[in-house]
Number of protein chains: 2
Amino acid sequence: MFQALGDPTRRAMVERLSRGPASVSDLARPLAMSLSAVVQHLQVLEASGLVRSEKQGRVRTCRIEPAALKTVEQWIVERRASWERRLDRPADHLAEESEAPDKRRKR
Amino acid sequence: MFQALGDPTRRAMVERLSRGPASVSDLARPLAMSLSAVVQHLQVLEASGLVRSEKQGRVRTCRIEPAALKTVEQWIVERRASWERRLDRPADHLAEESEAPDKRRKR
DNA sequence: TGATTTGTTAAGCATTTGCTTGAGTATAAC
DNA sequence: GTTATACTCAAGCAAATGCTTAACAAATCA
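Structure report, in brief.

Thresholds, definitions, all that
- Residues numbered from 1 in each chain as written.
- Chains lettered and ligands numbered in written order.
- Predicted model: local features only at pLDDT ≥ 70, side-chain atom pairs only at ≥ 80, totals over all residues.
- Heavy atoms only, no water.
- Near = heavy atom within 4 Å.
- Polar contact = N/O pair within 3.5 Å; in protein donor to acceptor, adjacent residues only side chain to side chain.
- Helix = DSSP H or I, 4+ residues; strand = E, 2+ residues; numbered from the N terminus.
- Nonpolar A, V, L, I, M, F, W, Y, C, P; charged D, E, K, R; others polar.
- Contact = heavy atoms within 4.5 Å.
- Buried area = accessible area lost by both parts, 1.4 Å probe.
- Salt bridge = Lys/Arg side-chain N within 4 Å of Asp/Glu carboxyl O.

A few words on the protein's contact with DNA strand D. Surveying the vicinity of DNA strand D reveals 21 residues, the closest of which are Gln3 and His41 of chain A together with Ser25, Arg58 and Arg60 of chain B. Here, DNA strand D places atoms within 4 Å of the protein, and 65% of those atoms are sugar or phosphate. A distance of 2.9 Å is found between a phosphate oxygen of DNA strand D and a backbone nitrogen or oxygen belonging to Ser34 of chain A. For DNA strand D, a sugar or linking oxygen lies 3.3 Å from a polar atom in the side chain of Lys55 of chain B. If you list the elements that add at least two residues to the surface near DNA strand D, you get α2 (8-18) and α4 (35-48) of chain A together with α3 (24-28), α4 (35-48) and β3 (59-64) of chain B. For the surface near DNA strand D, the leading source of residues is α4 of chain A, giving four residues. For the surface near DNA strand D, the per-class residue count stands at five nonpolar, ten polar and six charged.

This paragraph deals with the protein's contact with DNA strand C. The full set close to DNA strand C counts 22 residues, and Ser25, Arg58 and Arg60 of chain A together with Gln40 and His41 of chain B are the nearest of them. His41 of chain B places a polar side-chain atom, nitrogen or oxygen, 2.6 Å from a phosphate oxygen of DNA strand C. Those elements that provide at least two residues to the surface near DNA strand C are α3 (24-28), α4 and β3 (59-64) of chain A together with α2 (8-18) and α4 of chain B.

This part is about the interface of chain A and chain B. Contacts between chain A and chain B engage 37 residues on the former and 37 residues on the latter. Between chain A and chain B the total buried area reaches about 3400 Å² when both faces are included, carbon and sulfur atoms providing 61% of it. Our count for the chain A to chain B interface comes out at two salt bridges. A salt bridge links Arg80 of chain A to Glu73 of chain B; the shortest N-O distance between them is 2.8 Å. Between chain A and chain B we count eight residue pairs in polar contact (both at pLDDT 80 or more) in total.

Here it is, written out as structure tokens:
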């Protein structure tokens, strides 16, 4: 998912979709590239699980998968929490050392 | 930042750093690649603003930049909020249409 | 029916990415 | 002072990425 969101075009597509469902052409309209390229980006987004789409007639309607966004959000939140937890207990890592060396409790 | 987090190795580095500061060799230890490669990943992370590092003596100490993580988090939260806001007011987009066509209020 | 709209698929191509190796430099340890 | 440590920097290279064009298929429209 992070990799999918790593591309600015795909982020623009997700932004558009966060405001509501859209067809492939809708997604392509503001983008300065071929429809084909947009379809390829869409495939990446779908493969990542961030976007889902279904086709009725000749138009494919795409929409965001909020649960997937939540997963990404969760990853970030956890890393940040892990870091902040550290700062809240100034014990232990006062020496702020590396790791491997000094595993023994003496010295 | 999304692009930086798009690589699994770099995500592992961020995970490690979320548990506390580490030297370049610390970061490299669990990774199956050359130190040089790790340094290159580190450069990407620093360029993105997600990680900061400073060198004292011959060891470079790296740490996470929580504000940057917060920025990423914010982006996700906003997209998700934008989507959920939509669902809360079932007005308007009942037809769930595309966009450009039918701008006129008749029909 | 024939033309148009909407999308799909494949091939090809330039650029970017994620490494490696090898040859340094500066600090710290012995 | 020699040796090990902890990086640093520059090539070089294979694979992945982000496009393009072109040919095609299926709905829908006139």
